[in-house]
Structure formats: C-alpha cells, structure tokens
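Architecture at a glance
Listed below, chain by chain, are the residues.
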Amino acid sequence: MSMAIGCETVPYTDRSQLVVVPQSQATEMGEQAFQQILSDPKVQQSQSPEEQEAVNRVAERIIQAAKESKFAEDAKAFKWEVTVIKDDQTKNAFALPGGKIAVYTGIFPVAKTDAGLAAILGHEVVHALARHGSERMSQEVLAQAGLSAAAVGLGVSGAGPVVGQATMAALGLGTKVGILLPYSRTHESEADSIGLILAARAGYDPQEAVRVWQRMQQGSEGAPSEFLSTHPSHETRITRLQEEMPEALQIFRKVEHAPEHELPAVNP
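Note that the structure is predicted; figures quoted are calculated from it, not measured. (Residues numbered from 1 in each chain as written. Predicted model: local features only at pLDDT ≥ 70, side-chain atom pairs only at ≥ 80, totals over all residues. Heavy atoms only, no water.)

Some details on the packing of aromatic side chains
- Scanning the model with the defined rule gives 2 aromatic pairs in all.
- Relative to F71, the ring of Y12 has its centre 5.8 Å away and its plane inclined at 40°; by these criteria the two rings are tilted. Here Y12, found in the loop between strand 1 (6–9) and strand 2 (16–19), pairs with F71, found in the loop between helix 2 (49–67) and helix 3 (72–77); they are 59 residues apart in sequence, far enough to count as distant.
- Assessed through its relative accessible area of 23%, Y12 is described here as partly exposed.
- When the ring centre of Y204 is taken as reference, the NZ or CZ atom of R61 above it lies at 5.9 Å. (Phe/Tyr/Trp six-rings, centres within 6.5 Å; stacked < 30°, edge-to-face > 60°. Helix = DSSP H or I, 4+ residues; strand = E, 2+ residues; numbered from the N terminus. Buried < 20%, exposed > 50% of the residue type's maximum accessible area, 1.4 Å probe, protein only. Lys NZ or Arg CZ within 6 Å of the ring centre and 35° of its normal.)

Okay, structure coming up:
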C-alpha cells in the first residue's frame, strides 16, 4: 500500500494535522488491537446484563451524536462495537479507530452516572474520530529515515493478526492489560473540548465532565489511578472545561435530555 503525505484539518478545532496513515489502515489496526486485547486470558468480559446495558445505552447516544456531528462521515463508516471488561480495579476506557469501544467496570465509581460515563466516552470516541492514533503513527513514520521501513515496523503495510508494540502505543494502548498510554497534551485537550460537545449533543449534562475529573483527582490521592496517570488531569484541565462549558450548555439546552441513571455498583 502506498502512502501519500496529507495535511488534514480537525473538525471543531480547525487544527492542522499531518497524516500519512490511511483511515482504512488505522481501522484495520484498531480491529486487530481490539481482538488482541479481548483474546488475552487476563481479560474477562462482563457477563452482567446490568453492566452491559448501562454502557450500551450511553455508548449508543454518544455514537448517534457522533453520526450527527462534523465527524459524521467517519462515524457512519465505523463498525461500532462496545464491550464491557469486568475489572473492578481498573479505571479505564478506550475507543479505537474503526469504532471499537471498551469500558472497564472500575470506571463506574468515578463516572457514577450516565452523564459521567458520557463525558468519558465522549472524550475517548473523539480520539478515534479525530484520528489521533493515525496522527501519532504518522509522526513515528516520518521520524524514521525511510518511510517504507518505518511503515513495515509500525504494521502499516501488510499488518498481520498481531499488532506490534509501536502500533499499540500509537493507539494509546500498553502491552500490560488495563494500562493506557498518554496522548499528547494537544490530543488530550482536543478530546476534552470536542468530547464535551458530543456529550451535550447526546443529551447529557456536560457539567458532569468537571465532576468526573474532580472525582478522578480525589481517587488518585496516595495511589494514582491508571486513567489519571495516562490522561493528564490537573486543575488546568478542569479550568479549561469550565471555560468551555457555556458553549456545551447552550447545546445541551436545545436537545432532548437523556434519562438519568446511576451506574451499577462495583467493588473496587
């Protein structure tokens, strides 16, 4: 597969990004990475109908909002799949190129409600829709002396059933189960901002995003949570969300509000 260097613009933020990895290839790698994670014997999918239903009802609304957003073309093309991983100790969630979403049950006490989970899923879905993984893979490719050699090393060309460590890292996934790797500050800020809009369009109170990050901070005292360690969340992040809240609230007031539910209790 040949690669053409292209400059794209991220919807909503109008930030220019250099992407040499085609969306089709990123989607393929996202699918492979997802299957790789689920095939790990340490990963157990939740068998609880209550936990599955809670995640699915929120994910469905976020996905629908994405299909009606400036990311509509990709959101409609993605083959969305949502899974709940039964791990009450791990405070994580992720979304991969192509629409593969996973939520660890350990995030439930932090999210607390549907609106809290919507804030988290909105953030993660934006990473996939805004092609943050593709952008990071492209940066790795261009950092190498030879494009073709780097492409093979990343699994861009002729990707096999096992995704390499470099590709997993570019997608924000670590080789250790339950550990997510950090995106850049730019990517995190973008996911925060646009995720707030998606959650609001989905009918969830965007103000819950601030409360989620406040709870995340509180839960990190003494022992940092996995989610916090990989998603830089400090006072500056909360302040930025509060600054952007008026626009999100304006959207929220104009849409049909989603029913509110408490998320299932778990034993962290």
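Thoughts on the confidence of the model for the protein
- Looking at the protein, pLDDT values average 86 and 81% of them are 70 or higher.
- Counting interchain partners and residues more than four positions distant, the pLDDT-below-50 stretch residues 145–153 has 8 contacts. (pLDDT = per-residue confidence, 0-100. Contact = heavy atoms within 4.5 Å.)

Here we look at the sheet that holds strand 4 (residues 93–96)
- Pairing is mixed in the open sheet, where 3 strands are placed in the order 3-5-4. Single-partner strands in this sheet number two, and they are strand 3 (81–85) and strand 4. Sheet twist, expressed as the mean angle between neighbouring strand axes with direction ignored, is 15°.
- Across 4 bridges, the pairing between strand 4 and strand 5 (residues 100–104) is antiparallel. Its bridge partner being in strand 5, F94 is matched across the sheet by A102.
- Packing of helix 5 (residues 114–129) onto the sheet brings it into contact with strand 4 and strand 5, and relative to strand 4 it is tilted by some 30°. (Pairing = 2+ DSSP bridges. Axes fitted to C-alpha atoms, helices over the stretch in contact; angles between N-to-C directions.)

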